[in-house]
Structure formats: C-alpha cells, structure tokens
Amino acid sequence: MTETFYDVMRRQGITRRSFLKFCSLTASALGLGPAFVPRIAEAMETKPRIPVLWLHGLECTCCSESFIRSAHPLAKDVILSMISLDYDDTIMAAAGHQAEAIIEETIEKYDGNFILAVEGNPPLDEDGMYCIIGGKPFVEQLLHVADHCKAIISWGSCASWGCVQAARPNPTRATPVHKVPGIADKPIIKVPGCPPIAEVMTAVITYMLTFEQLPELDRQGRPKMFYSQRIHDKCYRRPHFDAGQFVEEWDDEAARRGYCLYKMGCKGPTTYNACSTIRWNGGLSFPIQAGHGCIGCSEDGFWDKGSFYQHVTDTHQFGIEANADKVGLAATGVVGAAVAAHAAVSAIKSAQKKGGDNE
C-alpha cells in the first residue's frame, strides 16, 4: 500500500505539532479558513499519496523550473511526501526503456486513479512527428496515458493554450491538451502562465489531494482561487493608473517614481493571474514591481495579440489618458453642474409655491 503523507513525515522525524502547523499553513495558502485545518490533517493522515505521471511535449521546461522553486510548500515535500511522482523524464533517475516501463507499471497498478500532468503540447501535423518521445510521437504517449488517468493538469500556457509553438502560422499544428481529439471527455484543470507561479502549482496539487476533486474552475477551466482577478485589480501601481499618472518612456522620472506602466504596454488590465498577490521567488517580487509591464502570458493567444510594448486600446478607467489636475477639473465641472441644476429646480418649486399662495 502506498504511504500516506503523514506516514512519510513521521518517518522523517516530523513531530505532530509541526505536522498540524503545516496543515494550517496549507489552509492559508489555499485561502481556506481555520475550520478546514482538521479536514486537511485528516486527508494527509488517511489518504495514500496520489500517483502522478508528468509528461513533456513541446515546451522549454520553464514550468518544471518554476515548480522546483516552490517555497510554500517546498517542492521536495510535494514530490517526496504529498504525491508519488512516478514518472517525470526531466528529474527522474531512470532513463531509456526503464523509464518508459514505469508508465505501463503505473497504468496497470493505478488504472483510473492517477493524475496526468502535462507540460507542453503535442504537434499534430505530419502525424505528430515533430515531437518524438521514446521513438514514438508524443501525441501517442499522451493519448495512451490520458485514456487511463483520473484527471489532467495542463501546466503552463503551452499545455493550456498552445503558447509560442501555436503562434501564427503554427507550422507544426501545435495543439493545447484540451483540444487534442480523444481527450475532451477527461476532467482538465488549466494552470496557465509562462511559467505558472510555483506556489500556484503546488497549491493545486494540495487541493486535489485534500478534497479529492478539482478546485472550482472559471469558464476557461482555470482554478478560481488564483485566476479570478486581474493582475491590475491588486497591483500596487493601481492608484497611479486611477490618477492618470503613467510612465511615458523607459527610465523617465515617472518610471523612477513607480508610476503605472499601462502606456508602456502593461497587460495587467486584461490578464487574470495571481502575480500581484502571491508574486514570485518566495513572494519577493513580480515583473511589474521589477519595472517591466505584464505581457499577459497566462492568457490565451498572448503571442498573437500584438506588441508587448503597445497598450491595449479598449481599457477605459477613471483618469485614463489624463493627469490628476484634469480629472479634478472634470469632477469639479460635474459637481458644479449638479449644484446649478439643483438650484434651478429649487427656484421653480419656490415660484410655484408662491403662486399658489397668492391665489
């Protein structure tokens, strides 16, 4: 029988107190209240580690690079304790025929009860010959494993949307996982980003392990707990956007003052992700904080939506394309017009009342 998460922690010398503290931190990371801590603890104590087969198609391995840098929880705790990562050709020790044999062993032992994690996507043109794994087209491996899995996690924008491989003119017909014929009937959770935030990746796995279900998804199949708000909504530069204070040129005085990067092409107003709240590198920073606008990497087709340095034209917010003084004058004019209208109505009513009294 596969060990539970708690079994592994006890074997490593972790105390009960430390285990419960871990459950509390996990609940916080998932945005859950204290009432969920006992439920998480029970899941960790009683449920066996879930087997995971992590496949790689057309990609740059940035999702794996992000994943191994998770701080809450640590990637090593996820891989060695929370899940049973049976196959991942990037980090596994086995190679060649021995590595490929693990896939068949996992399918035979856990048929219908393992998670398929996909990083990258398959090219469908030329019968998939643009991406070969173990001497066969990757799409064949993907379809074979997907036919026996419980659910699929599409890591990153490559698996979720197609990313740069699927950008026009897409000569290899690189295709996101959910659009591959034969996979549509499987539950799929998309975790887009180029790459996704490390803590988002580990939190999704933790949620699925704890509650034995997919987290609540938005209409595009992304977990709402991380993709329900625009980066713009929680950006620390948002007050400058509302006041009409923008960086006009790289390294100008406005840039030094930390003004809004919208005019420099920032896609924060149209991008749904948790960068401005969870941030990167253990919560240290994120692109906008480092002085570069968001490029919208978690959105479908972001490579084909024009220049990264040209702002979108359909974003209209209080203060846009105006400075604070102009906004103030406009507001004053509106208030002045309202006061004048109120005075006029009051005068008419007063005159009507006097006319009635004279009669």
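Structure first, text after, so check above.
Model, not experiment: these values are computed from the prediction.

Student: When you look at the sheet that holds strand E7 (residues 188-191) in this model, what are you seeing that I'm missing?
Tutor: Consider a sheet: its strands pair through backbone hydrogen bonds, and that pairing is either parallel or antiparallel. On the basis of which strands lie adjacent, the open sheet formed by five strands has the order E2-E1-E3-E6-E7 and parallel pairing. Edge strands, defined here as strands with exactly one partner in the open sheet, are strand E2 (83-88) and E7. Strand-to-strand, the axes of this sheet are offset by a mean angle of 20°, without reference to chain direction. By the bridge criterion, five bridges tie strand E3 (residues 115-119) to strand E6 (residues 151-155) in an arrangement that is parallel. Across the sheet, the residue bridging to alanine 117 is isoleucine 153, located in E6. Across the sheet, helix H7 (residues 138-146) is in contact with strand E1 (50-56), E2, E3 and E6; its angle to E1 comes to roughly 165°. Against the sheet, helix H9 (residues 198-211) makes contact with E1, E2, E3, E6 and E7, and its axis sits at roughly 170° relative to E6, the strand it touches most.

Student: I tried to follow the environment of alanine 99 on my own but got confused; where do I start?
Tutor: By the element assignment, alanine 99 lies in helix H6 (residues 96-110). When the C-alpha atoms of alanine 99 and aspartate 88 are compared, they prove to be 8.8 Å apart, with 11 residues separating the residues in sequence. Not counting residues within four places of it along the chain, the set of residues in contact with alanine 99 comprises Tyr87, Met92 and Ala94.

Student: Is there a simple way to explain the packing of H6 against H7 in this structure?
Tutor: For any two helices packed against each other, the geometry comes down to the angle between their axes and how far apart the axes lie. Direction vectors running N to C along H6 and H7 enclose 20°, while the axes themselves pass 11 Å from each other. It follows that H6 is roughly parallel to H7 by the angle criterion. Considering only the axes of H6 and H7, their crossing is left-handed. Residue-level inspection shows Glu100, Ile103, Glu104 and Ile107 of H6 in contact with H7, the latter providing Gln141, His144 and Val145. Residue composition of the contact of H6 with H7, by class: three nonpolar, two polar and two charged.

Student: Any chance you could explain H7 here in plain terms?
Tutor: In an α-helix, one full turn covers 3.6 residues, which means residues spaced three or four apart are oriented alike. Among all positions of H7, only Phe138, Val139, Gln141, Leu142, Val145 and Ala146 are buried. End-on view of H7: buried residues confined to an arc of 160°, all on one side of the axis.

Student: Which parts of the structure should I look at to understand the side chain of arginine 222?
Tutor: Summarising the element assignment, arginine 222 is placed in the loop between H9 and helix H10 (224-227). The class for arginine 222 is buried, based on a relative accessible area of 4%. Engagement of the side chain of arginine 222 in a polar contact is seen with the side chain of glutamate 299, the distance being 3.2 Å. Arginine 222 has contacts with Trp161, Lys190, Pro192, Glu216, Leu217, Tyr227, Tyr272, Ser298 and Glu299, leaving out every residue within four places of it along the chain.

Student: I'm lost on helix H3 (residues 37-46) in this one. Help?
Tutor: Among the residues of H3, Val37, Ile40, Ala41, Ala43 and Met44 are the ones counted as buried. Around the axis of H3, the buried residues are gathered within 160° of arc, so they sit on the same side.

Student: Would you explain the pairing of E3 in this entry?
Tutor: Within a regular strand, the side chains alternate between the two sheet faces. Of all five residues in E3, five are buried, a share of seventy percent or more. Burial along E3 is two-sided: the face carrying Ile115, Ala117 and Glu119 and the face carrying Leu116 and Val118 are both buried. Two elements, E1 and E3, share five bridges in a ladder whose sense is parallel. Bridging across to E3, valine 52 finds its partner in isoleucine 115.

Student: Just to check I follow, could you spell out the pairing of E1 for this structure?
Tutor: Counting buried positions over the seven residues of E1 gives seven, a clear majority of the element. Residues Ile50, Val52, Trp54 and His56 of E1 are buried on one face, and the alternating residues Pro51, Leu53 and Leu55, pointing to the opposite face, are buried as well. Relative to E2, E1 runs parallel, the two sharing five bridges. Residue pairing in the sheet places isoleucine 50 in a bridge with isoleucine 83 of E2.

Student: I keep staring at the pattern of salt bridges and nothing clicks. Help me out?
Tutor: Side-chain pairs of opposite charge can arise where the charged atoms are in close proximity. Following the criterion strictly, the structure yields 11 salt bridges and no others. In this structure, arginine 69 and glutamate 65 form a salt bridge, with 2.8 Å as the shortest nitrogen-oxygen distance. You can call arginine 69 exposed: its relative accessible area is 51%. Through salt bridges with shared partners, a single ionic network connects Arg230, Asp233, Arg238 and Asp242.

The rules behind these values
Residues numbered from 1 in each chain as written. Predicted model: local features only at pLDDT ≥ 70, side-chain atom pairs only at ≥ 80, totals over all residues. Heavy atoms only, no water. Pairing = 2+ DSSP bridges. Helix = DSSP H or I, 4+ residues; strand = E, 2+ residues; numbered from the N terminus. Axes fitted to C-alpha atoms, helices over the stretch in contact; angles between N-to-C directions. Contact = heavy atoms within 4.5 Å. Parallel < 35°, antiparallel > 145°, perpendicular 65-115°, else oblique. Left-handed = near helix turned anticlockwise from the far one by under 90°. Nonpolar A, V, L, I, M, F, W, Y, C, P; charged D, E, K, R; others polar. Buried < 20%, exposed > 50% of the residue type's maximum accessible area, 1.4 Å probe, protein only. Arc of directions from axis to C-beta. Polar contact = N/O pair within 3.5 Å; in protein donor to acceptor, adjacent residues only side chain to side chain. Salt bridge = Lys/Arg side-chain N within 4 Å of Asp/Glu carboxyl O.

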